[in-house]
Amino acid sequence: MQFTFPWRCIEGVLDIAKRALVGRPMGSERLGDTLLPKRLALPVFCSDPLSSVAYATQEIVLVLALGGAVLLHLAWWVAAAVALLLVIVVASYRQTCHAYPGGGGAYAVSRANLGRDAALIAASALLVDYVLTVAVSVAAGVDNIASAFTSPWLHQHEVLISIVLIALLAVMNLRGVKESGRAFAIPTYGFVAVVMIMLGIGLFKTIFGHGLVAESAKYPIAPSVTHTGGILLLLLLLRAFASGCTALTGVEAVSNGVPSFRKPKAKNAASTLLIMGTLAIVMFIGITALAIISHVHFTDADNGRLIGFPKDAIQPTVIAQLGTAVFGGSSVGFYVLQGLTAAILILAANTAFNGFPILASILGQDGYLPKQFSRRGDRLVFSNGVMLLSLLACLLIWAFDASTTRLIQLYIIGVFVSFTLSQAGMVVHWRRALTVERDPVQRRHIHRRRAINLTGALATALVLVIVLITKFTHGAWIVVIAMPLVFLLMRAVHKHYTRVAAELEPDPAGMVLPSRIHAVVLVSKLHKPTLRALAFARATHPDSLTALTVSTNEGDVRELQRLWAERDVPVPLTVLESKYRDITGPVLDYVEGVRRDSPRDVVVVYLPEYVVGHWWEHLLHNQSALRLKARLLFQPGVMVTNGPWQLRSSSGGEPRPAPGPGVSPHPAGAGRDSEPPADVSEHRGEPAHV
């Protein structure tokens, strides 16, 4: 019994699997159904900045631990500075939402006010940072899961777990923005609620004398830096501030995604930013205060060590220690906190899954990324952007062994580059608005808005310098190299599109018709595919028609000539000699000779081909004609026409309809043959002429 490869069956199974994962296709008219209300926009666009409070305090404590426990009380002042900066940035981006409701965030603002290069710098910074957001968020989430269960197995397989979670996030986002918002709403609001409950209980216990003591408080810190006065203390505080600024990541995502909001889009986006900023500041300040009150100690291999802490033991995260101190180590509250913390840290990557595809689509429309990124998939999402982001994040997780500490050193540089350019662009925007606005009341409003954006630009520029200085040698240099590479890549893509557009621009005189058309049908045997190709070629009425065969075996050529004469085929058969039994070279030389003799003529080469259905049939037929086809495509003035002949195996053994009488004995161009041109199968097969 002959095995038939079930192409259509496999296609059906794959389609069913795809629909099960991402859902049914959605028509373009349903694009409005995917717009988000504020309650769903918050988890979709703000899960990153909301989740950052879970590790921002930890990063501050980690750096201050370099100088020992004596410096940990300074975490409050560092956190206050970070919170103030967050207020400035949120206020600045609220204005961006109103001024640029078309989305694009820092890229759109920079493009309109600072020029192309500044816009591409902002875009490259955001693209790099979105990839890092996914990697850091997922790695931090897996780290919290391992802290909750103190499982060595989880720590050993963090890379695999992280990659699986990224794949799940990709599937959720491929289903559509609105569906992902519903799925992520419960963990996001649940995390906010449980953190607020923890802060309330912790504050209550502190006020009424039920002291909070972290499990790490009993372990003294062996500092890595013994002298922390003067300049060293200032540098340490600046580095702690730079690490704490991870709390600001993802703020710009709302301004990038304004078009995804329900109307009034700009107002709803600005309101969502305000809600996010308020929640993030309250949780961040509260967690930092509890960490100081409960004397949380946290170090890693590079930032001191806890004296007496078992070497092989897994050190719980700061928020895990706070959960233990407030709820109790084995309580339901502790596991709920850890579960929701891990969930929102993983889902924080969703901010990037929304920002990256939207930004990539805008760049694709502008010609700075491949055009494919500007097209929506069958679920009305920019699926190519989702897939690329997932792939890059997985590669980053693998390269850095899913280490949150190592990955976070690369973080936030791109954020503050885009922050600075966006706010500087808004300053220019308001300055231009002042030149045309004459109403005194409106001018006062514009002056106030410009002052807010100017403050934001100066503050974020200062932080960018601090971050570069304090994190450069700890891994940030990778981002400093990656951003210019992305910038140059986008410039190269745009240059290519510009060059191609100029090359394809129609001439003012119009398209010149070819003087003559020469048809060449490649032949190996006189069989049905050959006769159909000859019939089709004759039906097009070319100025000349030649059947061409290459002699690689003298006996085969003589047999072909005999059959040709017996059938009285009304097309001349030309035999090309091939000294080295090569097919491609002689055919190319022949075609080039026709073109050389008549440069204004067009040569149409007809390639009869089989369409096969068995997997093993691809192995039994020579592939040299495919190479010939590829070479012909590079010949100017040459067009290639495939003449498919569907074998019975291509339809599961069903018989094919009769191909017609073939080539009738009439000269080329004298009239159309009764054989109609064959339809092109969607499964290309092996060419029949070799």
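It should be emphasised that the depicted structure is a prediction, and the values quoted were computed from it without experimental measurement. (Residues numbered from 1 in each chain as written. Predicted model: local features only at pLDDT ≥ 70, side-chain atom pairs only at ≥ 80, totals over all residues. Heavy atoms only, no water.)

Observations concerning the nonpolar core
Okay, step 1: One finds L50, L363 and F416 to be the most contacted residues of the largest nonpolar core, which totals 151 residues.
Okay, step 2: At 19 residues, the largest contribution of residues to this core is made by helix α6 (residues 116–149).
Okay, step 3: Setting aside residues up to four positions removed in sequence, L363 forms contacts with Y107, L120, A123, L127, Y368, L369 and M490. (Core = buried A, V, L, I, M, F, W, Y, C linked by side-chain atoms within 4.5 Å. Buried < 20%, exposed > 50% of the residue type's maximum accessible area, 1.4 Å probe, protein only. Helix = DSSP H or I, 4+ residues; strand = E, 2+ residues; numbered from the N terminus. Contact = heavy atoms within 4.5 Å.)

Remarks on the side chain of E252
Okay, step 1: Here E252 shows up in the loop between α10 (230–244) and α11 (253–256).
Okay, step 2: Here E252 is buried and forms no salt bridge, its nearest opposite-charge partner R94 lying at an N-O distance of 16 Å.
Okay, step 3: Residues within four places of E252 in sequence aside, it is in contact with Y93, L126, Y130, V415 and F419. (Lys, Arg positive; Asp, Glu negative; His and termini not counted. Salt bridge = Lys/Arg side-chain N within 4 Å of Asp/Glu carboxyl O.)

A closer look at unusual backbone geometry
Okay, step 1: Going from K263 to P264, the amide bond is cis rather than trans, its omega being -5°.
Okay, step 2: Here P264 shows up in the loop between α11 and α12 (265–293).
Okay, step 3: In this structure, H541 takes a positive phi of about 55° despite not being glycine.
Okay, step 4: Turning to its location among the elements, H541 is positioned in the loop between α21 (528–539) and β4 (544–551).
Okay, step 5: Backbone geometry at D568 places phi at a positive 55°, although glycine is not the residue there.
Okay, step 6: As for its position among the elements, D568 is in the loop between α22 (554–567) and β5 (573–577).

Things to note about the pairing of strand β6 (residues 602–611)
Okay, step 1: Buried residues dominate β6, accounting for ten of its ten residues.
Okay, step 2: Across the two faces of β6 the burial is the same, with V602, V604, Y606, P608 and Y610 and V603, V605, L607, E609 and V611 all buried.
Okay, step 3: Bridge count between strand β3 (residues 517–522) and β6: five bridges; the pairing is parallel. Of the residues in β6, the one forming a bridge with H518 is V603.
Okay, step 4: Inspection of the sheet shows β6 paired to strand β7 (residues 638–646) by nine bridges, in the parallel sense. Residue pairing across strands places L607 opposite N642, the latter belonging to β7. (Pairing = 2+ DSSP bridges.)

What about a nonpolar patch on the surface?
Okay, step 1: A cluster of nonpolar side chains, L468, F472, W477, V480, I481, L485 and L488, forms an exposed patch at the surface whose accessible area comes to about 630 Å².
Okay, step 2: With five residues, helix α20 (residues 477–504) is the single largest residue contributor to the nonpolar patch.
Okay, step 3: You can see L488 is positioned in helix α20.
Okay, step 4: According to the relative accessible area criterion, L488 is exposed, its value standing at 52%. (Patch = residues over 30% accessible without salt bridge, like charges linked within 9 Å, V, L, I, M, F, W, Y side chains within 5 Å. Areas by Shrake-Rupley, 256 points an atom, 1.4 Å probe, with all protein chains shown as cover.)

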